[in-house]
Amino acid sequence: SKETLILLYGGRSAEREVSVLSAESVMRAVNYDKFKVKTYFISQAGDFIKTQEFTETPAENEKLMTNETVKTEQKVAPSDIYEKDAVVFPVLHGPMGEDGSIQGFLEILRLAYVGPNILSASATMDKLLAKHVFSAVDIPQVPYVAAYADENQAKIHAEVQEKLTFPVFVKPANMGSSVGISKVSSLEELEAGLAEAYKYDNRVVVEQGVVAREIECAVLGNGGEVRSTLPGEVVKDVDFYDYRSKYIDNKIEMAIPADIPNEIAEKIRDYAEKAYQAMNGAGLSRCDFFYDEKGNIYLNEVNAIPGFTQWSMYPLLWENMGLSYSELIEELVSLAQEAFKNRE
Ligand code: ATP
Ligand code: MG
Ligand code: MG
Ligand code: MG
């Protein structure tokens, strides 16, 4: 009989739309000889709503239900998703998806799940905490200043002026998809940039802006056994890879593999694997780097549940290594089952 794969999508975070696209891609690409798929939409309010079930490849125009199409009477108790031996794929980004909370919930339910565990999810989600871990394992990063909403803001302004040069990037610590991020070009703009980031998190990173190529590396595996891909490049014709350019304008081109020297690619893979292990990575991660003209490499961040549509960087990096999107999903399910066995 077929294994059950449960997709959780939507979610409470500002990245919920990206989650729906990723989940739709997964739902279409699953190998239905092996799996059947149950789906649950998590609304912005946090309700779990039972949506479609698939036992065979859905029609190409089939969409997963979202706010506009769900009926609230399909609402279930979160624990109702439980099914013995099922594997959950929380295709959720950002807070309440990628930050350890849903992972903890799934562990309490004693379900196998794809992707980061509680520790790796929460640690990678917090850009400030992650920086401490990366520096502890000697991975280069750009200079930054930590800013907290409840701190004296004049002190933060002074520290930014002292340690960094404009432009700087201001980011909420716990977000993704560039939500809440601004590029700040002068001290006058800093207050507005901070205010925008504080909308999403009390913890904010002010980072030295660099002029650099953006190189990303995909990592797959549990704990000690980690595999990485040849890196890819996000080729921007925009100044900054913001939400709009990522998901609305489709202005992003990817070069896979990235056209960079071999020794740089090797170094990036090495840093990516090292960062992943240091964060107790499980399942998958996409490690994002900057590579500048002087040859410097800086780790920007690790994304524990990266964009996962069929045309997203993470799956395309694996495809370039010979692992198709459907095979990648199966691999992630096996890793989830392996992690589950080790826990139980
Ligand atoms: P993701 O969707 O990759 O999870 P995110 O919201 O976590 O994104 P970052 O990757 O940290 O955010 O930043 C988003 C984009 O902003 C980067 O891809 C890059 O284009 C730009 N950026 C961020 N930090 C810097 C920096 N220090 N210097 C130059 N550009 C930067
Ligand atoms: Mg990110
Ligand atoms: Mg992210
Ligand atoms: Mg990024």
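Small disclaimer: the values here were computed from a predicted structure and weren't measured.

**A word on the domain arrangement of the chain**
So, point 1. For the chain, the domain assignment lists domain 1 (3-113), domain 2 (124-140 + 211-343) and domain 3 (144-208).
So, point 2. Between domain 1 and domain 3 the total buried area reaches about 370 Å² when both faces are included, carbon and sulfur atoms providing 65% of it.
So, point 3. In this structure, the connection of domain 1 to domain 3 is made through zero salt bridges.
So, point 4. Counting the contacts that link domain 1 with domain 3 gives zero residue pairs in polar contact (both at pLDDT 80 or more).
So, point 5. Across the side of domain 1 that touches domain 3, the residue classes tally to three nonpolar, no polar and one charged.

**Overview of the coordination of the magnesium ion (ligand 4)**
So, point 1. Donor atoms from the polypeptide that coordinate the magnesium ion (ligand 4) comprise Asp288 (OD) and Glu301 (OE), at 2.0 to 2.4 Å from the metal.
So, point 2. Between the magnesium ion (ligand 4) and the magnesium ion (ligand 2), the interatomic distance is 3.9 Å, and Glu301 donates to each metal, bridging them. Separated by 13 residues along the polypeptide, Asp288 in strand S15 (residues 282-292) and Glu301 in strand S16 (residues 297-303) bring together distant segments of the chain. By the burial criterion, Asp288 is buried, and Glu301 matches it.

**Comments concerning the pairing of S15**
So, point 1. When you tally the buried positions in S15, you get 11 out of 11 residues, the bulk of the element.
So, point 2. The sheet contact formed by strand S11 (residues 212-222) and S15 spans 11 bridges and is antiparallel. Each bridged residue has a counterpart across the sheet, and for Arg213 the counterpart in S15 is Tyr291.
So, point 3. Sheet analysis places S15 next to S16, joined by six bridges and oriented antiparallel. Residue pairing for S16: Phe289 is matched across the bridge by Leu299.
So, point 4. Once S15 ends, the chain turns through four residues before running back antiparallel as S16, passing Gly295 with a positive phi of about 95°.

**Points about the sheet that holds strand S7 (residues 144-148)**
So, point 1. Reading across from one edge, S7-S10-S8-S9 is the order of the four strands in this open sheet, with antiparallel pairing throughout. Unpaired on one side and paired on the other, S7 and strand S9 (182-184) mark the two borders of the sheet. Between one strand axis and the next, the sheet turns through 25° on average, direction left out of account.
So, point 2. Looking at chain direction, strand S8 (residues 168-172) and strand S10 (residues 203-208) are connected through five bridges and run antiparallel. Looking at S10, one finds that Val170 is bridged to Val206.
So, point 3. Its contacts with the sheet put helix H4 (residues 127-136) on S7, S8 and S10, and the angle it makes with S10 is roughly 55°.
So, point 4. Sheet strands touched by helix H6 (residues 187-198): S7, S8, S9 and S10. Its angle to S8, the strand with the most contacts, is close to 25°.

**Quick look at the nonpolar core**
So, point 1. Counting residues in hydrophobic clusters, the biggest one holds 41 residues, and the most contacted among them are Leu5, Phe89, Phe308 and Leu332.
So, point 2. Contributing elements (two or more residues each) for this core: strand S1 (3-10), helix H1 (16-29), strand S2 (35-42), strand S3 (48-54), strand S5 (87-90), S11, helix H9 (313-320) and helix H10 (325-343).
So, point 3. The leading source of residues in this core is H10, at seven residues.
So, point 4. The residues contacting Leu332, other than those within four sequence positions of it, are Phe89, Val114, Leu220, Gly283, Leu284 and Phe308.
So, point 5. Judged by nonpolar contacts, the second largest core, of 24 residues, contains Cys287, Phe289, Tyr291 and Ile297.

**Here's the deal with the pattern of salt bridges**
So, point 1. Tallied over the full model, the rule gives 18 salt bridges.
So, point 2. Across the pair Asp126 and Arg203 runs a salt bridge whose closest N-O atoms are separated by 2.8 Å. Highlighted residues: Asp126 in the loop between helix H3 (118-125) and H4 and Arg203 in strand S10, separated in sequence by 77 residues.
So, point 3. Using a relative accessible area of 13% as the deciding quantity, one classes Asp126 as buried.
So, point 4. Assessed through its relative accessible area of 29%, Arg203 is described here as partly exposed.
So, point 5. In this structure, Arg286 and Asp288 form a salt bridge, with 2.8 Å as the shortest nitrogen-oxygen distance.
So, point 6. Owing to a relative accessible area of 6%, Asp288 belongs among the buried residues under this scheme.

**As for the environment of Arg269**
So, point 1. Here Arg269 shows up in helix H8 (residues 262-278).
So, point 2. The class for Arg269 is buried, based on a relative accessible area of 17%.
So, point 3. Distance in space between the C-alpha atoms of Arg269 and Cys217 is 6.6 Å, their sequence separation being 52 residues.
So, point 4. For Arg269, the contacting residues outside a window of four places in its chain are Cys217, Ser228, Thr229, Leu230, Pro231 and Met321.

**Let's talk about the packing of aromatic side chains**
So, point 1. For the structure on display, the rule yields five aromatic pairs.
So, point 2. Geometrically, the ring pair formed by Phe48 and Phe105 is edge-to-face, given 6.0 Å between the ring centres and 65° between the ring planes. With Phe48 in strand S3 and Phe105 in helix H2 (residues 101-108), this pair connects stretches of sequence that are 57 residues apart.
So, point 3. Consider the rings of Phe308 and Tyr314, whose centres lie 6.1 Å apart with planes at 35°: the pair is tilted. Just as Phe308 is buried, Tyr314 falls in that class too.
So, point 4. Taken together, the ring pairs connect Phe89, Phe308, Tyr314 and Tyr325 into an aromatic cluster.

Definitions and cut-offs
- Residues numbered from 1 in each chain as written.
- Chains lettered and ligands numbered in written order.
- Predicted model: local features only at pLDDT ≥ 70, side-chain atom pairs only at ≥ 80, totals over all residues.
- Heavy atoms only, no water.
- Domains from an automatic or database assignment.
- Buried area = accessible area lost by both parts, 1.4 Å probe.
- Salt bridge = Lys/Arg side-chain N within 4 Å of Asp/Glu carboxyl O.
- Polar contact = N/O pair within 3.5 Å; in protein donor to acceptor, adjacent residues only side chain to side chain.
- Nonpolar A, V, L, I, M, F, W, Y, C, P; charged D, E, K, R; others polar.
- Donors = N, O, S within 2.8 Å, 3.2 Å for Na, K, Ca; no water.
- Helix = DSSP H or I, 4+ residues; strand = E, 2+ residues; numbered from the N terminus.
- Buried < 20%, exposed > 50% of the residue type's maximum accessible area, 1.4 Å probe, protein only.
- Pairing = 2+ DSSP bridges.
- Axes fitted to C-alpha atoms, helices over the stretch in contact; angles between N-to-C directions.
- Contact = heavy atoms within 4.5 Å.
- Core = buried A, V, L, I, M, F, W, Y, C linked by side-chain atoms within 4.5 Å.
- Phe/Tyr/Trp six-rings, centres within 6.5 Å; stacked < 30°, edge-to-face > 60°.

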